[in-house]
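Given next are the chains, with one letter for each unit.
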Amino acid sequence: MHHEPALTWAFNARPIVTIGDKRIYRSAAPEFRAPELAAPPAGICWIDLRSAHERIDAAWLGDGWTRVHIDLVPGAAAVKPGTRAYEIAEIDFGAMYVQMVERAQAGFARVITAIAEADGDVLVACAGGRDRTGLVSAMLRELAGHPRTEILEDYRRTNDQGAGLSDAMVAAGLISAELVARMPFDVRTEDLALALDAIDAKGGVRRYLEGGGVSPETLDALAMPTVSTC
């Protein structure tokens with residue numbers, strides 16, 4: 001199976017698709033810097049999917065970057081008063097993803113429209129780059145005609161490319177070391193498959209996004225033949 005190359009300037013970073021001259025990437029929030037990470041490329045539009053309380057550095061941007069904030073799932077992270085540490089004991093990620101599909105249709109449509117309208121290259125990133133980012137990435141890949149098996153495999157690659165991210169999030173105060181020790185963070189492809197099945201039940205990704213407000217012209221542009229960024 002073909003893999004796009006991992007990128008070295010953010011945790012969990014890799015290409016999604018290339019449409020014309022526009023490269024679309026995914027990653028964890030790139031403000032979680034680590035000494036071994038390379039300098040990010042210049043001139044990217046970051047579609048930031050996080051809620052305000054998740055942002056550890058509102059001023060951080062790479063060289064020449066712009067940022068579009070879209071709070072994709074408001075209140076997605078329950079945060080302890082006075083801290084940034086997530087209060088999470090256990091999550092059924094598959095059920096959470098299906099709930100996101102049900103409740104955030106207009107939000108996903110806004111994200112897809114913002115990606116299409118951005119000038120130049122685009123980064124889609126939430127906090128860890130796995131859940132909200134994973135669903136947006138899957139929708140873009142579906143529009144581009146990628147096989148479902150490749151979409152699920154790309155999601156699974158989060159387990160390979162997130163090494164060091166938990167430590168960086170602990171250092172930033174977003175999560176606790178106790179949480180990292182207690183809760184598994186590996187992704188399971190069956191969780192994303194449940195969300196994609198929920199989208200299929202609504203007529204597929206194109207009809208789902210049109211129902212949220214994406215124009216047919218925008219979807220046509222995103223569904224154009226794409227070229228791997230590798």
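The structure under discussion appears in the preceding block.
Calculation notes
- Residues numbered from 1 in each chain as written.
- Predicted model: local features only at pLDDT ≥ 70, side-chain atom pairs only at ≥ 80, totals over all residues.
- Heavy atoms only, no water.
- Pairing = 2+ DSSP bridges.
- Helix = DSSP H or I, 4+ residues; strand = E, 2+ residues; numbered from the N terminus.
- Axes fitted to C-alpha atoms, helices over the stretch in contact; angles between N-to-C directions.
- Buried < 20%, exposed > 50% of the residue type's maximum accessible area, 1.4 Å probe, protein only.
- Arc of directions from axis to C-beta.
- Contact = heavy atoms within 4.5 Å.
- Polar contact = N/O pair within 3.5 Å; in protein donor to acceptor, adjacent residues only side chain to side chain.
- Core = buried A, V, L, I, M, F, W, Y, C linked by side-chain atoms within 4.5 Å.
- Nonpolar A, V, L, I, M, F, W, Y, C, P; charged D, E, K, R; others polar.

Undergrad: I'd like to hear about the sheet that holds strand E3 (residues 45–48), residue by residue, with values.
TA: Ordered in space as E1-E2-E5-E3-E4, the five strands form an open sheet in which the pairing is mixed. Edge positions in the open sheet fall to strand E1 (14–19) and strand E4 (66–69), since each of these has one partner strand only. Put simply, the sheet's adjacent strands are angled 20 degrees from each other on average, direction ignored. Pairing geometry for E1 and strand E2 (residues 22–27), over five bridges, is antiparallel. Residue pairing across strands places Arg14 opposite Arg26, the latter belonging to E2.

Undergrad: Which residues make up helix H1 (residues 93–103), and what are the values?
TA: Because each turn of an α-helix spans 3.6 residues, side chains separated by three or four positions end up pointing in the same direction. The set of residues buried in H1 consists of Phe93, Gly94, Tyr97, Met100 and Val101. Seen end-on, H1 carries its buried residues on one side only, within an arc spanning 120 degrees. Looking at the buried residues of H1, the elements they touch are helix H2 (105–117), helix H3 (132–143), helix H4 (148–156), helix H8 (189–201) and helix H9 (205–212). Structurally, the start of H1 carries an N-cap: the backbone nitrogen of Gly94 is 3.3 Å from a side-chain oxygen of Asp92.

Undergrad: Could you give an account of unusual backbone geometry, naming the residues involved and the relevant values?
TA: Both trends apply: most residues other than glycine have a negative phi, and most peptide bonds are in trans. You will see that Asn12, though not glycine, has its phi angle at about 55 degrees, which is positive. On the basis of relative accessible area, Asn12 is assigned to the buried category, the value being 0%.

Undergrad: Describe the pairing of strand E5 (residues 122–125), naming the residues involved and giving the relevant values.
TA: The alternating pattern of E5 places Val122 and Val124 on one face and Leu123 and Ala125 on the opposite face, and all of these are buried. Looking at chain direction, E2 and E5 are connected through four bridges and run parallel. Across the sheet, Ile24 pairs through a bridge with Val122, a residue of E5.

Undergrad: How would you summarise the nonpolar core if you had to cite specific residues and measurements?
TA: Ranked by size, the top nonpolar core spans 47 residues in total, and within it Ile24, Ile47, Phe108, Ile115, Val136 and Leu209 carry the most contacts. If you look at the next biggest cluster of nonpolar residues, it comprises 23 residues, including Ala10, Ala13, Trp65 and Ile175.

Undergrad: Go over the packing of H3 against H9, please, and point to the residues and values.
TA: At their nearest, the axes of H3 and H9 sit 9 Å apart, and the two run at 120 degrees to each other. Here H3 contributes Met139, Glu142 and Leu143 to the contact with H9, which in turn contributes Val205, Arg206, Tyr208 and Leu209. Classifying every residue of the contact of H3 with H9 gives five nonpolar, no polar and two charged.

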